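One-letter residues, chain by chain:
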Amino acid sequence: MCGRDPGGGMVHRHMIEAIVTLDERGQIVLPKEVREKAGLRPRDKLAVITHYHGGEIAYIMLIPVRKLTESIRSFLGPLLKELLEESGEG
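Residues numbered from 1 in each chain as written. Predicted model: local features only at pLDDT ≥ 70, side-chain atom pairs only at ≥ 80, totals over all residues. Heavy atoms only, no water.

Chemist: What is the right way to look at the overall build of the protein chain in this model?
Modeler: Of the regular secondary structure elements, the protein chain holds two helices and four strands. Going residue by residue from the N terminus, the α and β elements of the protein chain occur as β-β-α-β-β-α. Counting across all 90 residues of the protein chain, residues that qualify as buried make up 6%. Contacts in the protein chain between residues far apart in sequence, at least 24 positions, make up 8% of those at least 6 positions apart. Here the protein chain displays about 8,200 Å² of accessible surface, and carbon together with sulfur accounts for 58% of that area. (Helix = DSSP H or I, 4+ residues; strand = E, 2+ residues; numbered from the N terminus. Buried < 20%, exposed > 50% of the residue type's maximum accessible area, 1.4 Å probe, protein only. Contact = heavy atoms within 4.5 Å. Areas by Shrake-Rupley, 256 points an atom, 1.4 Å probe, with all protein chains shown as cover.)

In structure tokens, the structure reads:
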């Protein structure tokens, strides 16, 4: 969940949306409400991202690949354009 801080920037908040269980095959089911909030549909791809603390995985995040791709494109696009312009290729 995000909000705005008084300075106009974004404030990120983490929430526990659900508790899920790993089955015998190591699979989980994301509750319908969570899937709907995230706009997930069958066959959507999720990136599994881990955060390590003290040599152990502290938490695991699931990020829709389309969102990850958008973030990377919005970050790298201007950077690549700038690099190409500096090198005279743009």
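Chemist: Help me out: how do you make sense of unusual backbone geometry in this one?
Modeler: For residues other than glycine, phi is negative in most cases, and the peptide bonds are mostly trans. With a phi angle near 75 degrees, Arg 43 is a residue other than glycine that sits in the positive phi range. Here Arg 43 shows up in the loop between helix H1 (32–38) and strand E3 (46–53).

Chemist: Please clarify how the pattern of salt bridges should be interpreted in this entry.
Modeler: Two side chains bearing opposite charge may form a pair once their charged atoms approach each other closely. Taken as a whole and assessed by the stated rule, the structure comprises five salt bridges. Between Lys 37 and Glu 17 there is a salt bridge, with its nearest N and O atoms 3.0 Å apart. Of this pair, Lys 37 sits in helix H1 while Glu 17 sits in the loop between strand E2 (10–12) and H1; the two residues are 20 residues apart in sequence, bridging distant segments of the chain. A relative accessible area of 56% places Lys 37 in the exposed class. According to the relative accessible area criterion, Glu 17 is partly exposed, its value standing at 39%. Salt bridges here are not isolated pairs; linked through shared partners, they connect Glu 17, Glu 33 and Lys 37. (Salt bridge = Lys/Arg side-chain N within 4 Å of Asp/Glu carboxyl O.)

Chemist: I would appreciate a short explanation of the pairing of strand E4 (residues 56–64) in the present structure.
Modeler: Both faces of the sheet carry side chains from a regular strand, because those side chains alternate between them. Alignment of E3 against E4, held across eight bridges, turns out to be antiparallel. Across the sheet, Val 48 pairs through a bridge with Leu 62, a residue of E4. Remark: two residues form the turn of the hairpin made by E3 and E4, two consecutive strands paired antiparallel; Gly 54 in that turn has positive phi of roughly 65 degrees. (Pairing = 2+ DSSP bridges.)

Chemist: Sorry if this is basic, but what is going on with helix H2 (residues 65–87) here?
Modeler: Each α-helix turn comprises 3.6 residues. Residues three or four places apart therefore point the same way. Spanning 23 residues, H2 covers 31 Å between terminal C-alpha atoms, matching the ideal 33 Å at 1.5 Å per step. Along H2, the helix axis deviates most sharply at Leu 76, where the bend reaches about 30 degrees; the proline Pro 78 sits within four residues downstream. (Expected span 1.5 Å × (residues − 1). Bend = angle between axes of the 7 residues up to and from the residue.)

Chemist: Can you walk me through a nonpolar patch on the surface in this structure?
Modeler: A grouping of Val 20, Leu 22, Ile 28, Val 48, Tyr 52, Ile 57, Ile 60 and Leu 62 is seen on the molecular surface, where their side chains present a nonpolar patch of about 770 Å² in accessible area. Elements with a contribution of two residues or more to the nonpolar patch: E3 and E4. Of the residues forming the nonpolar patch, the biggest block, three residues, is contributed by E4. Topologically, Val 20 is positioned in the loop between E2 and H1. (Patch = residues over 30% accessible without salt bridge, like charges linked within 9 Å, V, L, I, M, F, W, Y side chains within 5 Å.)

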